Amino acid sequence: MSDIVVFSGSAHRALAEEICSHLGVTLSRSETTRFSNDCLQVQLLANCRQRDVYIVQPLVPPTQDHLMELLLMVDAARGASAASVTVVVPHYAYARSDKKDASRISIGGKLVADLLATAGVSRVVTMTLHAPQVHGFFSMPVDHLTALGELAEHYRAQDLSNAIVVSPDFGNAKTASQFARLLGLPVAAGSKQRKADDKVVIDTIVGDVAGKRAIVLDDEIATGGSIIELMDKLEEFGVTEASVACTHGLFAGKAVERLRSHPSITEVVTTDTVPAPADWPELKVRSVAPLFAEAIARIHAGESVSSLFDGVDPAHAPPQPKLPL
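Throughout, a residue's number is its position along its own chain's written sequence, starting from 1. Reporting of local features is limited, given that this is a predicted model, to residues whose pLDDT is at least 70; pairs of side-chain atoms are given and counted only at 80 or more, and all residues count toward the totals for whole chains, interfaces and linings. With hydrogens and water stripped out, all remaining heavy atoms of the structure feed into the side-chain values.

## Describing helix α8 (residues 289-301)
For α8, built from 13 residues, the straight-helix expectation of 18 Å at 1.5 Å per residue is met to within 8% by its first-to-last C-alpha distance of 18 Å. Three labels apply to residues, based on accessible area from a 1.4 Å probe with only protein chains included: buried if under 20% of the type maximum, exposed if over 50%, partly exposed otherwise in between. In this description a helix means any DSSP run of H or I spanning at least four residues, a strand means any run of E spanning at least two, and both kinds are numbered starting from the N terminus. Taken as a whole, α8 has its buried residues at Ala289, Leu291, Phe292, Ala293, Ala295, Ile296, Ala297, Arg298 and Ile299. Of the residues flanking the end of α8, it is Gly302, one or two places downstream, whose phi is positive at about 70 degrees. Multiplying one less than the number of residues by 1.5 Å gives the expected span of a helix.

Printed below as a string of structure tokens:
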């Protein structure tokens, strides 16, 4: 690992430090300055010449500041003659902007991928993109990790005899089905219509959930509006209680208050792809730092990253044998 240099932006230094601890390397220092005209400047305080540079920076609020900081760090590493620059973006915020679903609308997911390429990024390591097709926006290699195995480990220690996995919508149903297979459980899904960024309507639940304990799985929880709407509908269909799990726990706005106060929610489980709220000690956080550290070690050694998820999720693991024609 002597040829690896790891830097962290200001978005989630604790995660970067834990990744470095698993890698057995020291997190290198950098300095970000904000001038009086609100412009940022970044200086990397470790030698990068002909070394593989890794920059850890999830795109979390203030997202635009963290994105610009990341681009400046990439530029600084390229200017310092780095052999390669890999950005580790545990949460790629703009993945939700992945299609033209209204007239004259921007597609931010593609634009940000182009910005990273222009800045000089050699490779992207990310986790649980909101839409898998966002992977195709990038013109450089992308290692797309999944937290399904880590979240499943939390539930394997529990009594699941009367449980069912529930997806908030059909778009996430495939992932929920894979999660259900890992736990040996049935699966159900909500029929959701999004009216606005923080307003959804769930018409019905597809699947038999009456009398069951639900494990609600989503990729990201921002305001918590979808989850609360789903919980209200699950109660109508006879669900007794629910555990809520997600990869990216942003918990923006009134999300913490909404989720903590709902009588049917017994626990909320997330990962540390983004910083956890300071005022929520009951929140259960699973660390994905070992996964990112192992991915970095395998990338550096030229080994397979996808085999990390063999038996966890076919979308992230080696291709399955083809059926005979």
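## A closer look at the packing of aromatic side chains
Planes of paired rings set the category: under 30 degrees apart is stacked, over 60 is edge-to-face and the rest tilted, where pairs are Phe, Tyr or Trp rings (Trp by its six-membered ring) whose centres lie within 6.5 Å. Following the criterion strictly, the structure yields three aromatic pairs and no others. On the numbers, 6.1 Å between centres and 85 degrees between planes, the contact of Tyr155 with Phe179 is edge-to-face. Placement of Tyr155 in helix α4 (residues 148-156) and of Phe179 in helix α5 (residues 173-183) is noted, with a sequence separation of 24 residues between them. Since its relative accessible area comes to 0%, Tyr155 is described here as buried. Here Phe251 and Trp280 contribute two aromatic rings whose centre-to-centre distance is 5.0 Å and whose plane-to-plane angle is 75 degrees, an arrangement assigned as edge-to-face. With Phe251 in the loop between β12 (241-249) and α7 (255-261) and Trp280 in the loop between β13 (265-271) and β14 (284-286), this residue pair connects regions lying 29 residues apart in the sequence. Residue Phe251 is classed as buried on the basis of its relative accessible area, which comes to 7%. In this structure Trp280 comes out as buried when scored by relative accessible area, which is 6%.

## Quick notes on empty space enclosed by the protein
In the cavity and pocket records, a cavity denotes points on a 1 Å grid over the protein atoms alone where a 1.4 Å probe fits but cannot get out, a pocket denotes an open set with protein on both sides within 12 Å along at least 5 of 7 lines, and lining residues are residues with an atom within 4 Å of a point. Grid points are joined across faces, edges and corners, and a volume is the space filled by probe spheres set on the points. The final tally for this structure, using the stated rule, is one cavity of 30 Å³ or more. Of the volumes computed, that of the largest cavity is approximately 50 Å³. For the largest cavity, the full set of lining residues is His91, Tyr92, Ala93, Ala95, Arg96, Met127, Thr128, Leu129, His130, Asp219, Glu220 and His248. Residues are grouped as follows: Ala, Val, Leu, Ile, Met, Phe, Trp, Tyr, Cys and Pro are nonpolar; Asp, Glu, Lys and Arg are charged; all remaining types, including Gly, are polar. Within the lining of the largest cavity, the residues separate by chemical class into five nonpolar, four polar and three charged.

## As for the pairing of strand β11 (residues 213-221)
Two faces, one strand: in a regular strand the side chains alternate between the faces of the sheet. Counting buried residues in β11 gives nine out of nine residues, a clear majority hidden from the surface. Strands pair, by our definition, only if DSSP identifies at least two bridges between them. Here four bridges tie strand β8 (residues 163-167) to β11, and the two strands are oriented parallel to one another. Bridge pairing links Val165 to Ile215 in β11. In this sheet, β12 lies alongside β11 in parallel orientation, the contact comprising eight bridges. Following the sheet pairing, Asp218 is matched in β12 by Cys246. A crossover counts as right-handed when, viewed with the strands pointing away from the observer, the path leading from the first strand over the helix to the second turns clockwise. One crossover worth recording links β11 to the parallel β12 by way of helix α6 (residues 225-236), and it is right-handed.

## Comments concerning the packing of helix α2 (residues 63-79) against helix α3 (residues 108-119)
The convention used is that axes are lines fitted to C-alpha atoms, helices contributing only their stretch in contact, and that angles between N-to-C directions extend from 0 to 180 degrees. Two elements in contact, α2 and α3, have axes whose closest approach is 9 Å; the angle formed by their N-to-C orientations is 25 degrees. With respect to each other, α2 and α3 are oriented roughly parallel. Along this stretch, α2 crosses α3, giving a crossing that reads as right-handed. In this structure, α2 uses Leu67, Leu70, Leu71, Val74, Asp75 and Arg78 to contact α3, whose residues at the interface are Val112, Leu115, Leu116 and Ala119. Should an angle lie under 35 degrees it is considered roughly parallel, over 145 roughly antiparallel, and from 65 to 115 roughly perpendicular; all remaining angles are considered oblique. For a crossing to be left-handed, the near helix must be turned anticlockwise from the far one by less than a right angle; the clockwise case is right-handed. Contacts: residue pairs with any heavy atoms within 4.5 Å of one another.

## So, the packing of helix α1 (residues 13-23) against α8
Running from amino to carboxyl end, α1 crosses α8 at an angle of 55 degrees, the nearest separation of the two axes being 8 Å. Regarding the angle of α1 to α8, the classification is oblique. The hand of the α1/α8 crossing is right-handed. Judged by residue contacts, Leu15, Glu18, Ile19, His22 and Leu23 of α1 engage Ala289, Pro290, Phe292, Ala293, Ile296 and Ala297 from α8. Broken down by class, the residue content of the contact of α1 with α8 amounts to nine nonpolar, one polar and one charged.

## Thoughts on the pattern of salt bridges
Each salt bridge in this description consists of a side-chain nitrogen of Lys or Arg and a carboxyl oxygen of Asp or Glu lying within 4 Å of one another. Scanning the model with the defined rule gives 14 salt bridges in all. Here Asp65 and Arg34 are joined by a salt bridge, their closest N and O atoms 2.7 Å apart. Of this pair, Asp65 sits in helix α2 while Arg34 sits in strand β2 (residues 30-34), and the two are 31 residues apart along the sequence. For Asp65, a relative accessible area of 29% gives the class partly exposed. The salt bridge involving Glu294 is made with Arg298; its shortest N-O contact spans 2.8 Å. Highlighted residues: Glu294 and Arg298, both in helix α8, separated by four residues, approximately one helical turn. Judged by relative accessible area, Glu294 falls into the partly exposed class, the value being 31%. Among the charged side chains, a salt-bridge network with shared partners connects Arg213, Glu241, Glu267 and Lys284.

## Considerations on the nonpolar core
Among the nonpolar cores identified, the biggest contains 45 residues, and Val6, Ile19 and Phe179 are the most heavily contacted of them. Element by element, the count of residues in this core is highest for α8, at eight residues. In this structure Phe179 touches Leu148, Leu151, Ala152, Tyr155, Val165, Ile215 and Leu217, once residues within four positions along its chain are discounted. Residue types Ala, Val, Leu, Ile, Met, Phe, Trp, Tyr and Cys, when buried and joined through side-chain atoms within 4.5 Å, form a set referred to as a nonpolar core. One finds Val5, Ile55, Ala113 and Val124 within the second-largest nonpolar core, a separate group that totals 33 residues.

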